[in-house]
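Fold and geometry: a report
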Amino acid sequence: SHQARSPLEHYFPEVSLPHADYLKSPAQPDEGWAASGGCAFPPQAGPTHMSNPMGCPLDPRHVLNQMEFYFSDLNLWRDDYLKSIMMPGEGWVPLYLLQSFPRMHTLGADLWALRQAALGSAQLELDGTGLYIRLRDVERRLNYAPRSGVQIPGQPLCQ
């Protein structure tokens, strides 16, 4: 019998991917995906989505709520670490850093789950690569993102 191969296994056959099923595209749905009615987050835990450390299915609303909290005024006014990792002037934050936050570990969120949750946000936006996230609102973003340019003591900020 011929076993379906993931896109990565096609280009890198020597790489062993124990959970490569999550790479299946909607054009090749697995039974769980089809049974969920095409939902991006199937109801059962499995390789197509993550489960948290307690073994419960990951709820994308919890991931979205947590990401929106990180970027809320309530959090950003006091979260010097998050502000320090924002790209100056632009406010982009690498998703892999958000994934490393303890609450994201507790939720069991991987990069795929972060991307999927961010797509449903009216407050946050992903860059074209899907690897960075920031506030949509330019005014709020400029309030928190470090200023771009180099500050020379006694001189105005160079842009």
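Look up: the structure comes first, before these words.
Predicted model only: the values in this text are computed from it and were never measured. (Residues numbered from 1 in each chain as written. Predicted model: local features only at pLDDT ≥ 70, side-chain atom pairs only at ≥ 80, totals over all residues. Heavy atoms only, no water.)

A complete count under the given rule lists three aromatic pairs for this structure. Pairing Phe 69 with Tyr 70 gives two aromatic rings, centres 6.5 Å apart and planes at 50°, and the pair type is tilted. Residue classification places Phe 69 among the partly exposed residues on the basis of a relative accessible area of 30%. Plain terms: the ring middles of Tyr 81 and Phe 101 are 6.1 Å apart, the flat faces sit at 55° to each other, and that makes the pair tilted. Here Tyr 81, found in helix α5 (residues 80-85), pairs with Phe 101, found in the loop between α6 (95-99) and α7 (102-107); they are 20 residues apart in sequence, far enough to count as distant. Under the relative-accessibility criterion, Tyr 81 is labelled partly exposed at 46%. Site record: aromatic cluster; members linked through ring pairs are Phe 69, Tyr 70, Tyr 81 and Phe 101. (Phe/Tyr/Trp six-rings, centres within 6.5 Å; stacked < 30°, edge-to-face > 60°. Buried < 20%, exposed > 50% of the residue type's maximum accessible area, 1.4 Å probe, protein only. Helix = DSSP H or I, 4+ residues; strand = E, 2+ residues; numbered from the N terminus.)

Attention now goes to the sheet that holds strand β2 (residues 124-126). Strand order in the open sheet formed by three strands is β1-β3-β2, and the pairing between neighbours is antiparallel. Edge positions in the sheet fall to β1 (93-94) and β2, since each has one partner strand and no second. Where β1 lies against strand β3 (residues 132-135), two bridges are found, and the strand directions are antiparallel. Across the sheet, Val 93 pairs through a bridge with Ile 133, a residue of β3. (Pairing = 2+ DSSP bridges.)

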